[in-house]
Amino acid sequence: MGTRMGRFLGRLHELVFTESDDPWAAEVIGYTQGGVAVAGAVGLHFGLHASAVASIGAGGALFLVLRLLLASRFTAWIAGLVGTSFALGVGAALGWAFGQVLEVAGAPLAGAACLGVACAGLPAYAYVRYVLRSLVRPSGDAPDSMSPAPSSASGAPSRP
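Residues numbered from 1 in each chain as written. Predicted model: local features only at pLDDT ≥ 70, side-chain atom pairs only at ≥ 80, totals over all residues. Heavy atoms only, no water.

Draft legend 1. Structural context of the packing of helix α4 (residues 76-102) against helix α5 (residues 107-136). At a minimum axis distance of 6 Å, the contact between α4 and α5 shows a crossing angle of 155°. By the angle between their axes, α4 is roughly antiparallel relative to α5. With respect to the hand of their crossing, α4 and α5 are arranged in right-handed fashion. Residue composition of the contact of α4 with α5, by class: 23 nonpolar, nine polar and no charged. (Axes fitted to C-alpha atoms, helices over the stretch in contact; angles between N-to-C directions. Helix = DSSP H or I, 4+ residues; strand = E, 2+ residues; numbered from the N terminus. Parallel < 35°, antiparallel > 145°, perpendicular 65-115°, else oblique. Left-handed = near helix turned anticlockwise from the far one by under 90°. Nonpolar A, V, L, I, M, F, W, Y, C, P; charged D, E, K, R; others polar.)

Structure representation (structure tokens):
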């Protein structure tokens with residue numbers, strides 16, 4: 001039990017203070033989660049007429065929960081689903097609005113579908129890449145592009 005808690009606390013420390021194994025994916029994920037938190041705070045303030053302090057606090061708590069979900073490869077998929085769904089919704093809303101400008105019968109629906117899927121693709125790829133590089137494969141097993149490949153003459157098995 002003690003080692004499990006130590007690993008969990010160590011992973012939380014890495015999420016906050018250590019740079020990710022994949023900085024590009026971590027940046028896309030951070031922006032997506034920030035967008036979810038801001039949208040949640042704005043929706044709480046204007047939709048439910050909560051005070052500004054409560055809305056900002058709830059947005060910060062939502063961001064923290066989404067960041068904590070990245071601690072495990074099992075819960076990272078939940079954060080990925082939330083972030084990708086947010087990007088899909090924003091893209092679909094923008095596509096629908098642009099389709100309204102065209103004044104063609106099927107343009108709003110087609111614009112919403114196309115732009116929604118296009119906007120969701122980047123965060124979905126970033127979450128999958130983050131989970132595969134940072135959580136599934138331990139950081140010690142990451143291939144180093146600067147090190148020479150092991151030769152087959154030495155008897156060491158080569159990596160694909």
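Draft legend 2. Broad picture of the side chain of glutamine 33. Looking at the secondary structure, you find glutamine 33 in helix α2 (residues 23-47). Since its relative accessible area comes to 0%, glutamine 33 is described here as buried. A distance of 3.2 Å separates a polar atom in the side chain of glutamine 33 from a polar atom in the side chain of arginine 67. When residues no more than four places from it in sequence are discounted, the contact partners of glutamine 33 are Phe63, Leu66, Arg67, Leu70, Ala79 and Tyr127. (Buried < 20%, exposed > 50% of the residue type's maximum accessible area, 1.4 Å probe, protein only. Polar contact = N/O pair within 3.5 Å; in protein donor to acceptor, adjacent residues only side chain to side chain. Contact = heavy atoms within 4.5 Å.)

Draft legend 3. Focus on the packing of α2 against helix α3 (residues 52-68). Viewed as axis vectors pointing N to C, α2 and α3 meet at an angle of 150°, and their least axial separation amounts to 8 Å. The angle between α2 and α3 places the two elements in the roughly antiparallel class. α3 is crossed by α2, and the crossing has right-handed handedness. Contact residues: Ile29, Gly30, Gln33, Gly34, Val36, Ala37, Ala41, Leu44 and His45 in α2; Ala52, Ala54, Ser55, Ala58, Gly59, Leu62, Phe63, Leu66 and Arg67 in α3. A breakdown of the residues in the contact of α2 with α3 according to their chemical character gives 11 nonpolar, six polar and one charged.

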